[in-house]
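The lines below spell out each chain.
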Amino acid sequence: MMRTTSALVIIQLLCAGSQALRLTSLGSLYEDEAPIQNNNHENGPSSAAGDDISHSYGVDRSFPIQHDNLLDDGPFNRRERQKFYHSFMDGCRARESNSQKGRCNQAEADRIATNLNQPSRTKNYTKVGYEKVSVPTKLVESLNHFWKAHERHIPSRSYFETGSTDINHWASGHFTMSIDDEQYHSNYLRGLIWEETKPILEKWAGVELSPSSLFGLQIYTYEAVMPHRLDTLPFVINAIIHVADKIDKPWPIELYGHDGVAKNVTLEVGSMLLYEGQSVIMGRPYPMAGQYQAEIFISFEPLGYSRQHDQHQTESLLSSLYLNSWQDSARVAKRTDVMDKTVVPPYIANSFWEDNAYGRWKQDHPKAKLNIEGVKTVTVHTAAAEGDLDTLKALEKENSDSIFFVDENGWTALHEAVRGGHINVAEYLINKGLDVNFRTHNGTGGSPLWWAKHIHGESHVMVKFLEGKGAKLLAPGKNK
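Everything numeric here is computed off the predicted structure, so don't read it as measured data. Think of each chain on its own: its residues are numbered from 1, step by step along the sequence as written. For a predicted model such as this one, the threshold for reporting local features is a pLDDT of at least 70, and the threshold for listing and counting side-chain atom pairs is 80 or more; totals across whole chains, interfaces and linings nevertheless cover every residue. In computing side-chain values, all of the structure's heavy atoms are included and hydrogens and water are not.

A.B. asks: Outline the side chain of Thr379, listing residues and values.
C.D. replies: When you line up the elements, Thr379 lands in the loop between β16 (368-369) and α9 (380-386). Polar contact is the term for a pair of N or O atoms within 3.5 Å; when the atoms are in protein, one must be able to donate a hydrogen and the other to accept it, and sequence-neighboring residues count only if both atoms are side-chain atoms. Within polar-contact distance, the side chain of Thr379 engages the backbone nitrogen of His381 at 3.2 Å. Secondary structure elements are taken from DSSP: a helix is a run of H or I of four residues or more, a strand is a run of E of two residues or more, and numbering for both begins at the N terminus.

A.B. asks: Quick rundown of the state of the cysteines? Include the residues and the values.
C.D. replies: What counts as a disulfide here is a pair of cysteine sulfur atoms lying within 2.5 Å. Counted by the stated rule, this structure contains 1 disulfide. Across the disulfide, Cys92 is cross-linked to Cys104 (sulfur-sulfur distance 2.0 Å). Judged by the torsion about the S-S bond (-85°), the Cys92/Cys104 disulfide is left-handed. Of this pair, Cys92 sits in helix α2 (residues 78-93) while Cys104 sits in helix α3 (residues 103-117); the two residues are 12 residues apart in sequence, bridging distant segments of the chain. Exposure class is identical for Cys92 and Cys104. Each is buried. Using a 1.4 Å probe on the protein chains alone, a residue whose accessible area is under 20% of its type maximum counts as buried, one over 50% counts as exposed, and one in between counts as partly exposed.

A.B. asks: Account for the confidence of the model for the chain, naming residues and giving values.
C.D. replies: Detailed reading of the predicted coordinates is not advisable wherever pLDDT is low. This prediction gives the chain a mean pLDDT of 75; 70% of its residues lie at or above 70. For every residue, the pLDDT score states the predictor's confidence, bounded by 0 at the bottom and 100 at the top. Any two residues whose heavy atoms approach within 4.5 Å at even a single point are treated as in contact. When the criterion is pLDDT under 50, residues 1-54 qualifies, and its contacts beyond four places in sequence or with other chains add up to 120 contacts. Segment residues 304-377 is flagged for pLDDT under 50; beyond a separation of four residues in sequence, or across chains, it makes 167 contacts in the model.

A.B. asks: Could you give me a rundown of the sheet that holds strand β8 (residues 226-229), with the residues and numbers involved?
C.D. replies: The strand order β8-β13-β10-β11 describes an open sheet built from 4 strands, whose pairing is antiparallel. Looking at which strands have only one partner, the edges of the open sheet turn out to be β8 and β11 (262-265). Pairs of neighbouring strands in the sheet enclose a mean axial angle of 20°, with direction left out of account. In terms of strand pairing, strand β10 (residues 253-256) meets β11 through 4 bridges, oriented antiparallel. Considered in β11, the bridge of Glu254 is made with Asn264. Angles run from 0 to 180 degrees between N-to-C directions of axes, and those axes are lines fitted to C-alpha atoms, restricted for helices to the stretch in contact. Running at roughly 40° to β8, α3 makes contact with β8 and β13 (281-284) of the sheet. The rule for pairing is simple: two strands pair if DSSP sees at least two bridges between them.

A.B. asks: Tell me what's going on with unusual backbone geometry, and back it up with residues and numbers.
C.D. replies: Generally, phi is negative for residues other than glycine and the peptide bonds are trans, each holding for most cases. At Asp60, a residue that is not glycine, the phi angle is positive and equals roughly 65°. Topologically, Asp60 is positioned in the loop between β2 (29-32) and α2. In this structure Asp60 comes out as buried when scored by relative accessible area, which is 2%. For Glu223, which is not a glycine, the phi torsion comes out positive at approximately 70°. Within the fold, Glu223 resides in the loop between β7 (217-221) and β8.

A.B. asks: A description of the environment of Ile154 should follow, citing residues and the corresponding values.
C.D. replies: Locating Ile154 in the fold gives a position in the loop between α4 (137-150) and β4 (156-157). Measuring from C-alpha to C-alpha, the distance between Ile154 and Met177 comes to 8.4 Å, with 23 residues separating the pair along the chain.

A.B. asks: Provide a residue-level description of the packing of aromatic side chains, including the pertinent values.
C.D. replies: Any two of the Phe, Tyr and Trp rings considered here, Trp counted by its six-membered ring, make a pair once their centres fall within 6.5 Å; the pair's planes then place it as stacked at under 30 degrees, edge-to-face at over 60, or tilted in between. Using the criterion set out here, one finds 10 aromatic pairs in the structure. Between the aromatic rings of Phe63 and Tyr85, the centroid separation amounts to 5.2 Å while the plane-to-plane angle is 85°, which identifies the pairing as edge-to-face. Within this pair, whereas Phe63 is found in the loop between β2 and α2, its partner Tyr85 is found in helix α2, the two being separated by 22 residues in sequence. Like Phe63, the residue Tyr85 is buried in the burial classification. Between Phe76 and Tyr286, the ring centres sit 6.3 Å apart and the planes meet at 40°, which makes this aromatic pair tilted. Of the two residues, Phe76 is situated in the loop between β2 and α2 and Tyr286 in the loop between β13 and β14 (290-302); the sequence distance between them amounts to 210 residues. Residue Phe76 is classed as partly exposed on the basis of its relative accessible area, which comes to 23%. On the accessibility criterion, Tyr286 (35% relative accessible area) is partly exposed. In this structure, Arg284 is placed above the aromatic ring of Trp251, and the distance from its NZ or CZ to the ring centre is 4.3 Å. In our convention, an over-ring charge means Lys NZ or Arg CZ found within 6 Å of a ring centre and within 35 degrees of that ring's normal.

Structure (structure tokens):
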């Protein structure tokens with residue numbers, strides 16, 4: 001008997017089982033007579049894409065987006081779509097224990113409120129907010145090679161908190177393939193993705209960008225449904241790359257750009273969608289028909305803003321320490337990755353959820369490529385996040401307690417090193433006495449091991465390193 005070991009077979013086994021609209025600051029509707037246009041120029045290098053549809057429509061027609069009750073003036077059967085949504089929510093609620101009752105309802109209330117309020121309070125960088133473009137040939141070939149290399153390996157099943165409505169994870173399996181695992185010889189891929197996509201997004205958005213996140217390959221399976229939502233900070237200027245699929249019919253992304261017009265965008269192998277995550281509402285409200293669809297999500301944020309983490313250190317001292325470390329480093333000729341940010345970005349400062357967004361942005365903002373003369377703020381947290389052990393040591397030499405500093409969100413330098421995947425920095429901090437099981441957010445957040453798995457995937461080298469140090473997997477919200 002032939003023995004089949006492909007990841008695709010394993011995934012199948014595990015999973016068996018209107019009018020155009022414009023948004024105001026209050027989320028009210030201005031109805032417009034303009035129909036949705038089909039701008040699907042498939043052969044163009046940077047063509048906005050929309051599927052052929054015979055009706056135009058706005059939010060809350062295909063799926064609840066800004067209100068939980070659907071409107072009946074669109075091209076859809078309102079009763080059937082409302083029934084579909086109720087079934088979606090019933091599936092989520094069925095997973096709640098008695099102590100978890102209400103989590104699904106709260107998640108939906110938060111999603112809908114954000115969709116209603118956030119777009120008009122967010123700075124826009126492009127006219128429409130999205131564009132379908134071609135993926136550079138070099139990157140297409142590398143991703144295709146990566147996908148084929150994974151067909152003989154088992155992907156990691158994604159973990160979702162009870163109450164999460166990001167996807168119908170209770171009915172459809174979702175999997176992640178790490179792009180950093182040495183066994184796949186793919187360590188080069190992360191850098192290549194950043195290198196190939198950054199200039200495309202910078203030209204499109206018209207601003208210099210700093211990388212925010214790059215998760216592994218996301219694999220959606222039979223009957224997956226994704227409610228419309230906006231991204232959280234710091235996912236501002238983003239891209240979705242379509243890597244592979246085996247589907248019976250297209251599974252389009254339904255989105256609402258800055259013009260308020262509903263569009264359905266279908267991605268194929270070799271194409272990617274650029275979009276502004278803070279202001280473009282997008283989802284996939286219809287179940288996927290087929291076996292799988294695999295995509296990679298890349299996120300950047302505009303460069304040039306920050307706020308100092310440690311108020312006890314002055315900018316002049318930090319600049320001096322950094323310059324000394326720079327001069328002593330063997331990487332002087334190559335090194336340009338530093339933080340230069342002194343002002344809160346306008347898309348956070350003007351946000352209706354300013355307090356939460358501010359702390360999240362400050363904690364999450366990664367390295368940025370700048371001239372050394374521009375350096376104004378460097379702390380142990382930014383040094384750890386960047387993998388800059390030399391600067392971290394210089395800061396520690398000036399103040400031995402600095403490496404133990406905990407920011408207002410409960411993050412230590414170890415958490416930053418783990419998120420950045422910098423084993424040498426993580427090992428140094430652990431050897432210096434930082435708690436390998438320290439939890440963020442006043443003891444209610446995740447441990448370094450939980451963050452490593454959450455960000456990098458189960459098989460990442462950082463996960464193996466922490467497990468070797470006896471680290472515990474402590475998830476947010478769980479008791480100590």
